Amino acid sequence: MKPKMVAKISVDIGMTILLIFLMTYELIGQEAHEWLGIGIFVLFVIHHVLNGKWSRNILKGKYNMMRIMQTILAVLVLISMLGSMVSGIVLSRHAFSFLPITGGRSWARTLHMVCAYWGFVLMSLHLGLHWSIMLGMAKKFIKRPSAKRAWILRAAALLIAGYGVYAFISRDIGNYMLLKNQFVFFDFDEPLILFLIDYAAVMGLFIFAGYYISLISKWLGKSKARDKI
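Presented here is a report on the structure given in the accompanying data block. (Residues numbered from 1 in each chain as written. Predicted model: local features only at pLDDT ≥ 70, side-chain atom pairs only at ≥ 80, totals over all residues. Heavy atoms only, no water.)

1. Focus: helix α7 (residues 147-170)
Right, on to step 1. An ideal rise of 1.5 Å per residue puts 34 Å on 24 residues; α7 measures up with 35 Å between its terminal C-alpha atoms.
Right, on to step 2. Among the residues of α7, A161, G164 and A167 are the ones counted as buried.
Right, on to step 3. Among the residues trailing α7, D172 stands out with phi positive, at a value near 60 degrees. (Helix = DSSP H or I, 4+ residues; strand = E, 2+ residues; numbered from the N terminus. Expected span 1.5 Å × (residues − 1). Buried < 20%, exposed > 50% of the residue type's maximum accessible area, 1.4 Å probe, protein only.)

2. A word on the environment of G221
Right, on to step 1. The residue G221 is located in helix α9 (residues 192-228) in this model.
Right, on to step 2. With a relative accessible area of 37%, G221 lands in the partly exposed category.
Right, on to step 3. For G221 and L196, which are 25 residues apart along the polypeptide, the C-alpha to C-alpha distance reads 37 Å.

3. Concerning the packing of aromatic side chains
Ring pairs (aromatic) are described by centroid distance and by the angle formed between their planes.
Right, on to step 1. Counted by the stated rule, this structure contains eleven aromatic pairs.
Right, on to step 2. Geometrically, the ring pair formed by Y163 and Y166 is tilted, given 5.5 Å between the ring centres and 40 degrees between the ring planes. With Y163 and Y166 both in helix α7, this residue pair falls three residues apart, about one helical turn.
Right, on to step 3. Judged by its relative accessible area of 36%, Y163 is partly exposed.
Right, on to step 4. An aromatic cluster is defined as three or more aromatic residues linked by ring pairs; in this entry it consists of Y25, Y117, F120, Y176, F186, F195 and Y199.
Right, on to step 5. Over the face of the ring belonging to Y63 we find R67, whose NZ or CZ atom lies 4.0 Å from the ring centre. (Phe/Tyr/Trp six-rings, centres within 6.5 Å; stacked < 30°, edge-to-face > 60°. Lys NZ or Arg CZ within 6 Å of the ring centre and 35° of its normal.)

4. A look at the pattern of salt bridges
Right, on to step 1. Throughout the structure, instances matching the rule amount to two salt bridges.
Right, on to step 2. The shortest N-O distance in the salt bridge between E190 and R171 comes to 2.5 Å. With E190 in the loop between α8 (173-177) and α9 and R171 in the loop between α7 and α8, this pair connects stretches of sequence that are 19 residues apart.
Right, on to step 3. E190 sits in the buried class, given a relative accessible area of 19%.
Right, on to step 4. Under the relative-accessibility criterion, R171 is labelled buried at 18%.
Right, on to step 5. Through salt bridges with shared partners, one network takes in R171, E190 and D198. (Salt bridge = Lys/Arg side-chain N within 4 Å of Asp/Glu carboxyl O.)

5. Remarks on the side chain of Q70
Right, on to step 1. Relative to the elements of secondary structure, Q70 occurs in helix α4 (residues 65-91).
Right, on to step 2. Look at Q70 and you get buried, because its relative accessible area is 18%.
Right, on to step 3. Among all residues touching Q70, those that are not within four sequence positions of it are L129 and H130. (Contact = heavy atoms within 4.5 Å.)

6. Structural notes on a positive patch on the surface
Right, on to step 1. Taken together, the side chains of K4, K53, R56 and K60 present a region of like positive charge at the surface.
Right, on to step 2. Positionally, K60 belongs in the loop between α3 (52-56) and α4. (Patch = residues over 30% accessible without salt bridge, like charges linked within 9 Å, V, L, I, M, F, W, Y side chains within 5 Å. Areas by Shrake-Rupley, 256 points an atom, 1.4 Å probe, with all protein chains shown as cover. Lys, Arg positive; Asp, Glu negative; His and termini not counted. Charge placed at Lys NZ, Arg CZ, Asp CG, Glu CD.)

7. Some remarks on helix α1 (residues 3-22)
Right, on to step 1. For α1, which comprises 20 residues, the first-to-last C-alpha distance of 28 Å matches the rise-based estimate of 28 Å (1.5 Å per residue) to within 8%.
Right, on to step 2. When α1 is considered as a whole, its buried residues turn out to be I9, V11, G14, M15, L18, L19, I20 and L22.

Printed below as a string of structure tokens:
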């Protein structure tokens, strides 16, 4: 595997791990949350540098359904990331406490919550749209892929997505995204691992959704191409 591809995979894995831990907020402490936020932003910048070819070609070539979805999603992820960083700096009590920022905490808290939850969902969908690449790479390391193993993995993915639906509802994530609840509730007596499992399942749900959306869009694109022949 080429070094650049290794770097891309490492950065994406790092961002995925940090994204889940960032959703714990005060369960890991405000200072840790702030430094993790800085970490994911740095990895986000590196991710775009490593994928600079995509950015340079954004206005070139034809746009099919898949490319339109990927571009819109990428722009929305960028907006949520910038919103999280700006609002996080305003709210900072540790990493950016040296900045002479006064006031604005009320709007910053609301913006931070919206961007955090929408960013979590959008990044998971973004990962799902590119999941076929990850699967293709995984197949290279499996010497003897079998239909039985494939169906076991599909069943596991379906179970994770199903539990993700439950976790999405029970954790009120939809209400936070729509600002129906403007204060995030945390049970400080809950083991951190249970919280992480629930959010990992929610991420799995949207990766699952993104992956099958990409498959459907590719199938529709091929169907249209056949109709034109």
